[in-house]
Amino acid sequence: MLQLNHIHKTFYPNTPDERQALVDLHQELSGGDVVTIIGSNGAGKSTLLNTVAGSIIPDEGDVVIDENDVTRLSEQKRAAYIGRVFQDPKAGTAPGMTIEENMMISLGRTKRRSLFRGVTKQLRQQFREHLATLEIGLENRLNTKVGLLSGGERQALSLLMATFTEPKILLLDEHTAALDPSKEELILRLTRDLVERHQLTTVMVTHQMEQAIAFGNRLWMMDEGKVIFEANDETKQDLTVGDLLDQFQAIRGKKMANDRALLTK
Amino acid sequence: MLQALYGAVESGLIYSLMALGVYISFRLLDFPDLTVDGSFVTGGAVTSVMVVSGVDPFTATLAGAAVGFIVGCITGILHTKGHINPLLAGILMMVALYSINLRIMGRPNIPLLNETTVFTMVENWWQTLNLQGIVMAPFEALGIAAYVPNSLDVLVAATILMIIVKKLLDFFLRTEAGTTLRATGDNQTMVRSFSANTNVYIVVGMGVSNMLVAFSGSMVVQHNGFADVNLGVGMIIIGLASVIIGEVLFSFGSDKIVRTTLAVILGAIVYRMIYAVALQVDFLEASDMKLITALIVVAALVVPNWLGQTSAKQQYKKSKANAAKQEARQGAAEGERSHATAQSHS
C-alpha cells in the first residue's frame, strides 16, 4: 500500500547547518498495516511523515502509494490519497466555519468541488450519522462554529474528517500530544475505532512508548534518519518499554535523548 | 434633506456592490486588497468609453465587471505565484491601474450626461410603463405621497439588482467551491490537506471580489454622469467602513452568510447616509469626507479593542484587590496567632 524506496533527505546541504534527516530509508506497508513510529527529537519521524504527505520532497528515492508513484505530486494533489491529523488541534479544521461545512470540505478530498449547493439535506444526515459514532454529542451541533469547540472535540472532528472518506493512507502526527490525559485517551480510542472500521493503512508518530507498543501491529524506532529497530505482528506482542530503551542503548550505545519520551514512559 | 437621504439610499445600493467585493477579499479571504482603488475606476473607465462609442450600456457594464475580474485575478496571481505580500500586491496593482485607467479613458474625465446609460434606459421604461403611478398608489392611499421622492425608478431598479446580486453571491458562497473559498481564508493548511488548490481559490476569489468592485464603479459612473480617473481614491476605506458599519449595526451577532451579506449592503447605505448628513453640516466640505471615513474605520477598529482592554484591566485590578484583601486578612490572622503564641510564651 505504501512503499518508501531508498529515500534520502538532507536539510541545508553544503552549509554548516547541514543535517541528514532521512538516510536511505527503505520501508513498506501492506494494506491495513498500522505502524507506530518512535524516536528521539530530530530522529526523522516528522520528516518521514512530511515526505509521505508531500510537504517535503525527498532528494532521492520514491514514495509509492497503492502502486502510484506520488513522489512528484504536489501536496494538495497527493492529499487525494492521504488523510492527515496534525498535532495542533487547530490545524485540521477551519475555526470560522460550522461543523457541517468543515465536513463538507473534507468530502472534497476525493472529488472535484462543484458549483452545486455544498451542504445538502442528504449530506447533513450522513454527517450526523458519522458524528454520532464519536459519541461526544457533536451530531447535535452541526451548525456550531468549530472555533467554539474544545481542543479534544476539535481533534475528534479532525480525526473523523481525515478518516470517513477512507483515504489510502492515514497519517497521525503526534495527534494526541497537545491534549490533556483524559482527552488523549478519548482520541486514542476513537482513532482505534475509526482505523479498524475503515481498515486504514496508518502511520502514527508518537512520543509515548506505551502508546506505541499498544497501538497497531508494527513499530519502527528511528534514529538519525534511519529505522534502527522494528517490531512486527509477532515480536510486538511481548515488547515492553524497558525492551525498547535497552534496544536503543544496545544499538546506539547511548541513552535515548528525548526528555518527553523518558518522562512519559 | 429628505431628498438627500433618498439619494443616499440610491447611491448606497450602488456602492454596496463594492462593499460586497471588499467583504470577500478582506473578510472571507483575509486578503487586505488595495487593488480596489484602481479596479473601481477601471470598471467605470471601460464602461464609459464603451458607452461614449455607442455600445449598449448593459453590455458596457458587463464588460466593465469582466475587466474587474481579470484585474483581481492578476492581484491574486501576484500574491500566490509571485509570493508578493498581499498589501504590496494590491498597492502595485493600484498604482499600475492608475496609468492603465488613463490609457483606457484617453483623458482624465469623460462626461456621460447626454449618453444612453443603464439609468436613462430604466427611466425610459419607467415612463413608458407608467410604473410611477402604480408604485405611488399605496403611498397616496396612506396620504404620505409627499414624503416619497418624485422618481423612484433608480431606487427600485437598484434594489432589484441588489437582491439578485445578493442571492447569487449567497448561493455561490454556499456551494462546494464557495465553502472551500471561505475556508481558504480561515485555514489554508487544512484546505490543502483536503486536496484543494488554495492558490486557485485565492485567485478566483480575488477575481470575484474585484469584479463586484468594477461593476459598482461602472454603475457609479453612469449614475454620476461622468467618469473620473480619481474616482477611486480612498475607495478601499469606504468599502471597509461599509463592511464594519454593517457588521456592527446589522449582524446581530450572527455570522451566517445570508445575514452578513445583507449587513454589508445595509452598511453601505448607512455610510452614504452619514455622508449625506455630513454634507449638510455647514463647516464640513465634501473633501473632508475621506478624513471622516478614515476616522470611522479607526474608531471601529480601535474602540472594541480598547473596550476589551479596559474590561480586562478592570478585572485584573479587581482580582489584584481581592488578592491583596485576602493577604491582608491572612496577615492579620497570622499576626494575631504569633501575638498569641508570644503571649503564651511569656
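Residues numbered from 1 in each chain as written. Chains lettered and ligands numbered in written order. Predicted model: local features only at pLDDT ≥ 70, side-chain atom pairs only at ≥ 80, totals over all residues. Heavy atoms only, no water.

### Here's the deal with the overall build of chain B
The following threshold applies: In this description a helix means any DSSP run of H or I spanning at least four residues, a strand means any run of E spanning at least two, and both kinds are numbered starting from the N terminus. Only protein chains enter the accessibility calculation, which uses a 1.4 Å probe; a residue whose area is less than 20% of its type maximum is buried, one above 50% is exposed, and one in between is partly exposed. What sets the accessible areas is the Shrake-Rupley method with a 1.4 Å probe; for residues, cover comes only from the shown protein chains.
On a plain count of helices and strands, chain B comes out with 13 helices and two strands. Taken over 346 residues, chain B has a buried fraction of 45%. Here chain B has roughly 17200 Å² of accessible surface; of this, 65% comes from carbon and sulfur atoms.

### Looking at the pattern of salt bridges
Residues and elements named next belong to chain A. Put simply, the rule reads: A pair is scored as a salt bridge if a Lys or Arg side-chain nitrogen falls within 4 Å of a carboxyl oxygen belonging to Asp or Glu.
Within this structure, the stated rule accounts for ten salt bridges over all chains. Here Asp 66 makes a salt bridge to Lys 168, at a shortest N to O gap of 3.3 Å. Of this pair, Asp 66 sits in the loop between β4 (60-65) and β5 (68-69) while Lys 168 sits in the loop between α5 (151-163) and β7 (169-173), placing them 102 residues apart in sequence. Judged by its relative accessible area of 32%, Asp 66 is partly exposed. A residue is classified by how much of its surface remains accessible, and Lys 168, at 33% relative accessible area, is partly exposed.

### A few points about the environment of Thr 176 of chain A
Residue and element names in this part refer to chain A. We apply this condition: Pairs of N or O atoms within 3.5 Å make up the polar contacts considered here, provided that, within protein, one atom can donate a hydrogen while the other can accept it, and that residues adjacent in sequence are counted only when both atoms are side-chain atoms.
Topologically, Thr 176 is positioned in the loop between β7 and α6 (181-198). On the accessibility criterion, Thr 176 (2% relative accessible area) is buried. Remark: the alpha-carbon pair of Thr 176 and Gln 87, spanning 89 residues in sequence, is separated by 6.7 Å. For Thr 176, the side chain forms a polar contact with the side chain of Gln 211, separated by 3.5 Å.

### Let's talk about the packing of aromatic side chains
Residue and element names in this part refer to chain B. How we decide: What counts as a ring pair is set by centres within 6.5 Å for rings of Phe, Tyr and Trp (its six-membered ring), and what kind of pair is set by the plane angle: stacked under 30 degrees, edge-to-face over 60, tilted for all other angles.
Summed over all chains, the structure comprises five aromatic pairs over all chains. Aromatic side chains Tyr 15 and Phe 40 sit 5.9 Å apart centroid to centroid with 15° between the ring planes, which places their arrangement in the stacked category. A residue pair is termed long-range when its members are at least 10 positions apart, and Tyr 15 in helix α1 (residues 2-28) and Phe 40 in helix α2 (residues 36-52) qualify at 25 residues. For the pair formed by Tyr 15 and Phe 40, the shared burial category is buried. Ring centres of Phe 58 and Trp 125 lie 6.1 Å apart, and the angle between their planes is 15°; this geometry places the pair in the stacked category.

### Points about the UniProt feature "domain: ABC transporter" (unreviewed entry) in chain A
As a reminder of what qualifies: UniProt positions are given in the numbering used here, feature names are shortened, and annotations may be inferred rather than shown by experiment.
In the numbering adopted here, UniProt assigns the feature "domain: ABC transporter" (unreviewed entry) to residues 2-249 of chain A. As a span, residues 2-249 of chain A carries 34% helix and 25% strand, and end to end its C-alpha atoms are 29 Å apart.

### Things to note about the nonpolar core
Worth spelling out the cut-off: What is meant by a nonpolar core is a set of buried Ala, Val, Leu, Ile, Met, Phe, Trp, Tyr and Cys residues, joined one to another through side-chain atoms within 4.5 Å. Contacts: residue pairs with any heavy atoms within 4.5 Å of one another.
Grouped together as the largest cluster of nonpolar side chains are 115 residues, with contacts concentrated most on Ile 99, Met 103, Leu 131 and Leu 157 of chain A together with Met 18 of chain B. For this core, the element with the highest residue contribution is α1 of chain B, accounting for twelve residues. In contact with Met 18 of chain B, other than residues within four places in its own chain, are Val 36, Phe 40, Leu 212, Val 213, Ser 216, Met 235, Ile 238 and Gly 239 of chain B. With 24 residues, the next largest nonpolar core counts Leu 4, Ile 7, Trp 220 and Met 222 of chain A among its residues.

### Remarks on the interface of chain B and chain A
What counts is decided by this rule: Once two parts are put together, the accessible area they lose, assessed with a 1.4 Å probe and summed over both, is termed the buried area.
Facing the 22 residues of chain B at the interface are 34 residues of chain A. When chain B packs against chain A, the two sides together hide about 2400 Å² of surface, and 56% of this comes from carbon and sulfur. Connecting chain B to chain A are one salt bridge. A salt bridge links Arg 182 of chain B to Glu 101 of chain A, with the nearest nitrogen and oxygen atoms 2.9 Å apart. Linking chain B with chain A are ten residue pairs in polar contact (both at pLDDT 80 or more), by the criterion used here.

### Description of the packing of helix α8 (residues 176-186) of chain B against helix α10 (residues 198-224) of chain B
All names here are of chain B. Put simply, the test is: Orientation is described by lines fitted to C-alpha atoms, with helices fitted over the stretch in contact, and by angles between N-to-C directions that extend from 0 to 180 degrees. Relative orientations are named as follows: roughly parallel for angles under 35 degrees, roughly antiparallel for angles over 145 degrees, roughly perpendicular for angles from 65 to 115 degrees, and oblique for any other angle. For this classification, the nonpolar set comprises Ala, Val, Leu, Ile, Met, Phe, Trp, Tyr, Cys and Pro, the charged set comprises Asp, Glu, Lys and Arg, and every other residue, Gly included, is treated as polar.
Put simply, α8 and α10 touch, their axes get as near as 9 Å, and they point 100° apart. Between α8 and α10, the angle is such that the two are roughly perpendicular. Only Thr 198, Tyr 201, Ile 202 and Gly 205 of α10 make contact with α8, whose side of the interface consists of Ala 177, Thr 180, Leu 181 and Thr 184. When the residues that make up the contact of α8 with α10 are grouped by side-chain class, the tally is four nonpolar, four polar and no charged.

### Remarks on the pairing of strand β6 (residues 82-85) of chain A
Look at any regular strand and the pattern is simple: side chains alternate between the two faces of the sheet. All names here are of chain A. So the rule is basically this: We call two strands paired when DSSP finds no fewer than two bridges between them.
In β6, alternate side chains face the same way, and those of Ile 82 and Arg 84 on one face and Gly 83 and Val 85 on the other are all buried. Where β6 lies against β7, four bridges are found, and the strand directions are parallel. Its bridge partner lying in β7, Val 85 is registered against Leu 172.

### Thoughts on α8 of chain B
With nine of its eleven residues buried, α8 of chain B lies for the most part within the structure. Here α8 of chain B has its buried residues at Glu 176, Ala 177, Gly 178, Thr 179, Thr 180, Leu 181, Arg 182, Ala 183 and Thr 184 of chain B. Considering only its buried residues, α8 of chain B is in contact with α3 (99-107) of chain A together with α1, α7 (153-173), α9 (188-193), α10 and α12 (257-280) of chain B.

### Let's talk about α6 of chain A
Counted only if it meets this: Expected helix span is computed as 1.5 Å times (number of residues minus one).
Between its terminal C-alpha atoms α6 of chain A stretches 26 Å, which fits the 26 Å expected from 18 residues at 1.5 Å a residue. At the exit of α6 of chain A stands Gln 199 of chain A, carrying a positive phi of roughly 50°.

### Concerning the side chain of Glu 139 of chain A
All names here are of chain A. In plain terms, the rule: Here Asp and Glu are counted as negative and Lys and Arg as positive; His is not counted, and neither are the chain ends.
Inspection of the secondary structure puts Glu 139 in the loop between α4 (121-132) and α5. It is Arg 128 that comes nearest to the buried, bridge-free Glu 139 among opposite-charge side chains, at 8.0 Å. Not counting residues within four places of it along the chain, the set of residues in contact with Glu 139 comprises Arg 128, Leu 131 and Ala 132.

### A closer look at the sheet that holds strand β1 (residues 2-11) of chain A
Residues and elements named next belong to chain A. With respect to topology, four strands assemble into an open sheet ordered β2-β1-β4-β5, the strand pairing being antiparallel. Where the open sheet ends on each side, the last strands, each with one partner, are β2 (19-29) and β5. Two strands pair when backbone bridges link them, and β1 and β4 are joined in this way by five bridges, in the antiparallel orientation. When the sheet's bridge partners are listed, Asn 5 is paired in β4 with Asp 62. Contacts from helix α1 (residues 45-53) reach β1, β2 and β4, with the element oriented near 120° to β1.

### Thoughts on the side chain of Lys 45 of chain A
Residue and element names in this part refer to chain A. Relative to the helices and strands, Lys 45 resides in helix α1. Among buried charged residues, Lys 45 stands out as having no salt bridge; its nearest opposite-charge side chain is Glu 174, 4.3 Å away. Each residue touching Lys 45, except ones within four places of it in the same chain, is listed here: Ile 37, Ile 38, Gly 39, Ser 40, Glu 174, Val 205 and Met 222.

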